Structures are given as structure tokens and as C-alpha cells.
Amino acid sequence: MKTIKIGMLGIGNIGKGTYRTLEMSRAKIEQANGLTIEIVKILNRHPEIDRGIDIPKEKYVTDAYEIINDPEIDIVIELIGGIEPATTYMADALKAGKHVVTANKAALAANGRMLQELAYKNQLMLRFEASVAGGIPILNAISTALISNEFSEVQGILNGTTNYILTQMTEQGTPYEEVLKEAQRKGFAEADPTADVEGIDAANKLSILISLLFGIGVAPEKIPTKGITSVSREDISFAREFGYRIKLLASANCADGKVTCNVEPSLVAETHPLANVNNEFNAVYITGNAVDNLMFYGRGAGPLPTGSAVIGDVVDVARKIEKGSAYDLLPHLRYDADLQFAGEGANQYYIRLTAADHPGVLGQITSTFGVYGIGIRTMMQRAGDNSGKAVPMIFIVYDIEKSILTTALNVLVNNGSVESIDNVLRVLKS
Ligand code: HSE
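Just so we're clear, the structure is a prediction, and the values are computed from it rather than from any experiment.

K.L.:
What should I look at first to understand the site of the ligand in this one?
P.N.:
Lining the immediate environment of the ligand, one finds Lys105, Asn159, Gly160, Thr161, Asp196, Asp201, Lys205 and Ala301. A distance of 2.7 Å separates an oxygen atom of the ligand from a polar backbone atom of Gly160. Here the ligand loses 82% of its free accessible area of 260 Å² to cover by the protein chains. Its residues placed into classes, the shell around the ligand shows one nonpolar, three polar and four charged.

Quick look at the structure:
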């Protein structure tokens, strides 16, 4: 039986999950494919640390280039995370004739084009299913079973940490800071949760999805991105009164030759399937012209779900090596479509503001909205006591460009019509 040799860069949680997934599936893989996959070397910069996993010590190396330059190794799995040195290691592995499998969304979103070109030039495979939504096989599905579709929309819950936090805030009423600490204790949230809570992780994943679905490159830093730190229990409770849940959505649309996108906490109607994706789960909801609406749901993070996606890629690459047809690029990042990136586009918005409870105040707000072409879909004012004390008001407005809405809201604050704008969140149309 042919043995495909693997070198793995990284033995953190995902590295251990990948190793365990391979051990769990070894017999099945051998039986179904007639080949053995063996992880022969693992980059472990600190072999003295007890990793809590039974791996023969002789597999460990402390220099990545002992793997990258090893002529015996067929596939390099990159699980270090972060843009560098991971990108350099992957590029050097491709230059050295190794196929590469990675879970690294930050490196892919930043340097996917260069890495893919290197793979193409060297007739090697670059696989990255685990980089978006962990165990959910969305990238392969887009590039294979769904290949006949022109896609018009994607709405994703792509970050488990933030979905867990928002779910707990909604269901238990726990404040943000407390849930974050609990998520860190349970191991969902990183010690430095910035990339998750500020939406950066979701923007990286959305950038990869946009390339696969629509065929253009939108760098993550170009995606209008707002994290969940501004979402308060008041917002969650008002959203519920209007029949919505708040979710951190990574959204992109393609229409009339333009792609618009954003990552933003968004009000999702309780009747929409995404509203019921809770805790650390992820979901990707896409619309194709043949398949119509389709939702993928599952675990987007964690050692075994991510390991499942990594080993899926490894086995597919190994099968192709074994058959002697080792070259393909599926899933394939695309940058060839005749489309323009048009920023955030027009969306419905929820606005929470505080205004004095005086005759004429509501008139000033609605007149200013009228001047800027902002139509009110629904609104509510919390009952006051006729003392003139400020009260919260909620507006949900029809489609409008965020920049126009921001100008109108600044006018209202500057002319004293409202005391404060407390939050503005996108509303997903359904
Ligand atoms: N930190 C990510 C999440 C998992 O919370 O979903 C890795 O992509």
C-alpha cells in the first residue's frame, strides 16, 4: 500500500485535532482508498512542553525547513496561523515541490493569490477547506457540486466566538464582558479576542468566500467591518421587540456588475434560518441561480471539526498523488470576473437614539430623514412621563447608503434635535 508522507507545521489545538482525526480515521482511509497517510514530521518549537497527546518524540522538529526541504514529504499541512511566517513557509513548501493544505484564513485572505499562482506554476495543489467555517465543507461544495451556479448572495455566521457571546447575551441576559470571560474560560475565545470580536476573523473568511463565489478579490481591510463590542443588552432587547435576533453577519451581494459586502452585527428576522444558529455554531447561507437558497450549518471551529476539514483535503490530495494526476486547483480562488467592488451598498438600518421627550422633536427627526431621502419602515418611542426627560427611540429605515445615514444622524446631533446616537446596526432583509 502506498504511503503518502505528511509534514505538519504546528501542534497547537488544531494540529492536535488534525493528528487525532487522522488516527481516528486511519483504518477507513486505508480501506476506502488503498493508501496510508502518515504524519512523519511535526514542527514543534517547544518539544519540552507536555501537549497532552501521545505523539512519538522523534516526529518533532524545531526548524520548519526540516519539513519544507525533506524530499520524502509529499504534503505540508500548515497550522501555525497568522500571516507570517506561515505565508513564507507555504510559499517555500510550494517552491520545494510540496502540496500544501492549510487552515489559515488570515494568510489566505492576504496572500491567497500569490500562493495559488505558485501552486499553479509548480503544478501542485493548494487546499484550504478548513480556513472558512471549520468543519463545514463550504469551499469544496462551491467549487464542485455547486459549480453550475451564478451566486448572488452570501450571508455567513463565520465566527463562533462572537456567535457564542451574542447568544448568551440574548438568552441569559449576561453582559458582554462577563460572557467574554466565560468564553475564554471554556476555550472558545482567544486570550486576545480582538480578531474575533472586532470582526477581523469574519472579514478574512468573507474575503475568501467572495473570491470563490463571485470571482473577485476584495482584501479583508477593504471590507467595511464592525465588531460586536458596541452591541448592548438594550439593542438585543429592542431587536427582540421588533421580532429580530442580532447576529454578526458576514454578507456579500453581487448584482448589476457590482459586489457589495460588509461584516456587521445585524438584525436577523426570527423567522430566518440564520436567527436560530446559536452559540459556537457557524452557518453559511448562499443563493445560487440554479440551487436557490442553501444553508450549511455546523461547527466552525474546534480541533476535531477543523481536523475533519484538513484531513478531507489531505486525503483528496493523496488520492490524486496516488493516481498520478496530482495537479488541480479546486477550490480555486478567482479574480477574473468583470465585476466592480462597490463598498457596503444600501441596506436597511436599525437606529437607537436618545432624544428629549418634547413636542416637535419627532418632527425634527423625521424631517431631517426626509431631506436625506431616508424612509422610515417602523419606529418606536419608549413611554416617557411628560417631564421632558430624554427617552430612547428606535427607528428601522429602508435601504440607504451608510454614509448618507451617518450624515443625517450627525445633523440631528449637531442641531440638538437628539441627545445621542446610541447604535446603528444593519437589518437583514427577508
Ligand atoms: N476564532 C474563530 C472562531 C475560529 O471563533 O470562530 C477559527 O477560525
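K.L.:
Would you mind showing me how to read the pairing of strand 16 (residues 420-427) here?
P.N.:
Residues in a regular strand point their side chains to alternate faces of the sheet. Where strand 9 (residues 258-269) lies against strand 16, two bridges are found, and the strand directions are parallel. Its bridge partner being in strand 16, Leu267 is matched across the sheet by Val427. Judged from the seven bridges that link them, strand 13 (residues 346-355) and strand 16 form a sheet pairing that is antiparallel. Note that in strand 16 the partner of Ile351 across the bridge is Val424.

K.L.:
Explain the environment of Ala318 to me, please; I cannot follow it from the model alone.
P.N.:
Here Ala318 is to be found in helix 11 (residues 303-323). Ala318 gets classed as buried once you look at its relative accessible area, which sits at 0%. Taking the C-alpha atoms as reference points, Ala318 and Val427, 109 residues apart in sequence, are found 44 Å from one another. Each residue touching Ala318, except ones within four places of it in the same chain, is listed here: Ile4, Leu35, Ile37 and Ile75.

K.L.:
How do you make sense of helix 10 (residues 233-241) when you look at a structure like this?
P.N.:
Every α-helix carries 3.6 residues per turn, so stepping three or four residues along brings you back to the same face. Among the residues of helix 10, those classed as buried are Asp235, Ile236, Phe238 and Ala239. For helix 10, the buried positions fall inside an angular range of 165° around the axis, keeping them on one side. Of the residues one or two after helix 10, Gly243 is the one with positive phi, at around 90°.

K.L.:
Whenever I open this one, the sheet that holds strand 4 (residues 75-78) confuses me. Can you help?
P.N.:
Sheet strands pair by backbone hydrogen bonding; their relative direction is either parallel or antiparallel. Strand order in this open sheet of six strands is 3-2-1-4-5-6, and the pairing throughout is parallel. Lying at the two open borders of the sheet, with one neighbouring strand each, are strand 3 (60-61) and strand 6 (126-127). Sheet analysis places strand 5 (residues 99-102) next to strand 6, joined by two bridges and oriented parallel. Across the sheet, residue Val100 finds its bridge partner in strand 6, namely Leu126. Against the sheet, helix 3 (residues 86-95) touches strand 1 (2-9), strand 2 (35-43), strand 4 and strand 5, its axis set at about 155° to strand 5.

Calculation criteria
Numbering of residues starts from 1 in every chain and runs along the sequence as written. In view of the model being predicted, local features appear only for residues whose pLDDT reaches at least 70, and side-chain atom pairs are presented and counted only at 80 or more, with totals across whole chains, interfaces and linings using the full set of residues. Side-chain figures throughout are based on the complete set of non-hydrogen atoms in the structure, without hydrogens or water. For each residue, the test is whether any non-hydrogen atom lies within 4 Å of the molecule or strand; if one does, the residue is near. Within 3.5 Å is the distance limit for a polar contact, defined as a pair of N or O atoms, with the added protein rule that one can donate a hydrogen and the other accept it, and that residues adjacent in sequence qualify only through two side-chain atoms. Residue-level accessible areas treat just the shown protein chains as cover; the underlying method is Shrake-Rupley with a 1.4 Å probe. The classification used treats Ala, Val, Leu, Ile, Met, Phe, Trp, Tyr, Cys and Pro as nonpolar, Asp, Glu, Lys and Arg as charged, and all other residues, Gly among them, as polar. Any two strands are treated as partners once DSSP identifies two or more bridges connecting them. Counting from the N terminus, the helices are the DSSP runs of H or I reaching at least four residues and the strands are the DSSP runs of E reaching at least two. Type-normalised accessible area, obtained with a 1.4 Å probe on protein chains alone, sets the label of each residue: buried when under 20%, exposed when over 50%, and partly exposed for intermediate values. Two residues qualify as a contact provided that any one of their heavy atoms is within 4.5 Å of a heavy atom in the partner residue. It is the directions from the helix axis to the C-beta atoms that the arc portrays. All axes are obtained by fitting lines to C-alpha atoms, using only the stretch in contact for helices, and the reported angles, taken between N-to-C directions, cover 0 to 180 degrees.

Everything listed here is a matter of coordinates, which is why it stays silent on function.
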